[in-house]
Amino acid sequence: MIQVAVLGYGTVGSGVVKVIDTNHDSILAKTGADLGVKYILDLREFPGDPNESKVVHDFDVIVNDPEVKIVVETMGGTEPAFTFTKRALEAGKSVCTSNKELVARHGTELLATAREHGASYMFEASCGGGIPIIRPLRTCLGADVIDEITGIVNGTTNYILTKMIEDGSEFDDVLKEAQQKGYAERNPEADVEGHDACRKIAILSSLAYGRRVDFTEIYTEGITKISSADILYAKAMNRTIKLLAYSHKNGEEVLAMVAPYLVGKDDPLSGVNGVFNAIFVHGNMLGDAMFYGQGAGKEATASAVVADVIEEAQVLGTSVMSEWSPEKQVLTDVAGTEKRFFVRMRGNAAQLEKAEQIFGKIEIVDAGVDGEFGFVTDVMTEAAYRKCASQTDEILSMIRIREK
């Protein structure tokens, strides 16, 4: 039996233990991997839990046990997750994780450490929960040159936007409901400000394009400024609002950004609702491929983690190739990118005339909202939009428009 240690017995960690225990015979029959959980590392005690006897509080117990071949890190955050992961890899133990923050910050170093010590570092569950995306990028799409990735990669924000659209509710009200249902964290900043999606597109882009994409350099906006009025205008345009993570490789540079977009109803991403995620990948031979599924949740994420455990068990003593160059990828300044913008402005006919003077050709959108008006600009760069917007204090909001 291949012994596994799980770091963190929270939502995902307990899910991993459940999957390995519940599906042990099926996993063995299908893959030949005879898995067993020997240790669970946590600061807490779990009296009455079926796995109470496996709980330890000292990581040294795990790293010094030669029987433990695979370590599952589901602690979250960067410390002590980074220290524990690196020590495990240096001891020749393979590691898999769902921790997108750790992979985004330290993935380059940890992949190199794994390769140096004949181990594997895998992170399928870090991008898209239960959706298989890392492995397809690494294997199934290995023959293609990937040049674009676009997706809804955060279940919390997608749930909030879906409820706002369905119910006409305000952001704050839906956020509270999402927290009550367990779809949003008590501190939801990483999700609603776009940081989680930013880390995920950085990881996916690093893998797809072969160089380290620094997530701190990716232009990122969240959904906290989206209002019920924005939803009304979106419906008037037969569109919906989605938080999109996007990257595109053009020559030696990559454009990457995270922001809310108005998406047309004929766009497949418009029908991705609730906690579901979807990721489009474009290859030079394949064309478009879409990966769709539940992007969050205990069982879905745990299933993706255990898939990594199985692959690591099948290749013990070797390093699964899943890496990118430590050389930093040059990112394009979004200021030069072109698109149309939807703008809401406070005011009446006089302000409308001013908007036309500032933005030039515009298309008015009537959503029946008193005291304001909405319009769509012609195609312009981000820099040009900012210059125009700086000429008035009456702008209430702006959302970019996604064109198919």
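Structure's up top.
Not measured: the values here are computed from a predicted model.

(A) Structural context of the environment of Tyr261. Mapping Tyr261 onto the fold places it in strand S11 (residues 253–264). A residue is classified by how much of its surface remains accessible, and Tyr261, at 9% relative accessible area, is buried. Taking the C-alpha atoms as reference, Tyr261 lies 5.9 Å from Arg402; in sequence the two are 141 residues apart.

(B) Inspection of the sheet that holds strand S3 (residues 55–56) at higher detail. Pairing is parallel across the open sheet formed by six strands, whose spatial order is S3-S2-S1-S4-S5-S6. The sheet is open, and its two borders are formed by S3 and strand S6 (121–122), each paired with just one other strand. Direction of pairing for strand S1 (residues 2–7) relative to strand S4 (residues 68–73): parallel, over a ladder of five bridges. Within S4, the residue paired with Val4 across the bridge is Ile70. Each of S1, strand S2 (35–41) and S4 touches helix H1 (residues 11–22); the most contacted strand, S2, lies at about 155° to it. Across the face of the sheet, helix H12 (residues 298–314) comes into contact with S1, S2, S4, strand S5 (94–97) and S6 while running at roughly 165° to S5.

(C) Spotlight on the pattern of salt bridges. In total, this model carries 28 salt bridges according to the counting rule given. Residue Lys86 pairs with Glu109 through a salt bridge whose shortest N-O separation is 2.5 Å. Within this pair, whereas Lys86 is found in helix H4 (residues 81–90), its partner Glu109 is found in helix H5 (residues 100–116), the two being separated by 23 residues in sequence. Each of Glu124, Arg135, Arg138, Asp308 and Glu311 takes part in a single network of salt bridges with overlapping partners.

(D) Up close: the packing of H5 against helix H10 (residues 195–209). The geometry of H5 relative to H10 is characterised by a closest axis approach of 9 Å and an angle of 50° between their N-to-C directions. Comparing the axis directions of H5 and H10 gives the class oblique. H10 is crossed by H5, and the crossing has left-handed handedness. Across the interface between the two elements, Lys100, Glu101, Val103 and Ala104 from H5 touch Asp196, Arg199, Lys200 and Ile203 from H10. Here the contact of H5 with H10 is built from residues that sort into three nonpolar, no polar and five charged.

(E) Inspection of the nonpolar core at higher detail. Of all hydrophobic cores here, the largest spans 83 residues; its most connected members are Ile62, Tyr121, Phe123, Ile133 and Ile160. Here this core takes nine residues from H10, the largest share from any one element. Formed by 29 residues, the second largest nonpolar core is a distinct cluster that contains Ile27, Ala33, Val55 and Val72.

(F) How the structure looks around the pairing of strand S10 (residues 239–250). With respect to burial, S10 is a largely interior element, nine of its twelve residues being buried. Examined bridge by bridge, strand S7 (residues 146–152) and S10 share four bridges and lie antiparallel to one another. Across the sheet, the residue bridging to Glu148 is His248, located in S10. Following S10, the chain reverses through two residues before pairing antiparallel with S11; Gly251 in that reversal takes a positive phi of roughly 70°.

(G) Looking closely at helix H13 (residues 349–359). Buried within H13 are the following residues: Gln351, Ala355, Ile358 and Phe359. Summarising the axial view, the buried residues of H13 lie within an arc of 75°, below the 170-degree limit, and thus occupy one face. In this structure, H13 carries Ala349, Ala350 and Gln357 as exposed residues pointing more than 90 degrees from its buried face. Buried positions along H13 lie against strand S17 (341–346), strand S18 (362–365), strand S19 (372–377), strand S20 (380–381), helix H14 (382–389) and strand S21 (395–401). Just beyond H13, the residue with positive phi is Gly360, at close to 80°.

Reading the values: rules and limits
Residues numbered from 1 in each chain as written. Predicted model: local features only at pLDDT ≥ 70, side-chain atom pairs only at ≥ 80, totals over all residues. Heavy atoms only, no water. Helix = DSSP H or I, 4+ residues; strand = E, 2+ residues; numbered from the N terminus. Buried < 20%, exposed > 50% of the residue type's maximum accessible area, 1.4 Å probe, protein only. Pairing = 2+ DSSP bridges. Contact = heavy atoms within 4.5 Å. Axes fitted to C-alpha atoms, helices over the stretch in contact; angles between N-to-C directions. Salt bridge = Lys/Arg side-chain N within 4 Å of Asp/Glu carboxyl O. Parallel < 35°, antiparallel > 145°, perpendicular 65-115°, else oblique. Left-handed = near helix turned anticlockwise from the far one by under 90°. Nonpolar A, V, L, I, M, F, W, Y, C, P; charged D, E, K, R; others polar. Core = buried A, V, L, I, M, F, W, Y, C linked by side-chain atoms within 4.5 Å. Arc of directions from axis to C-beta.

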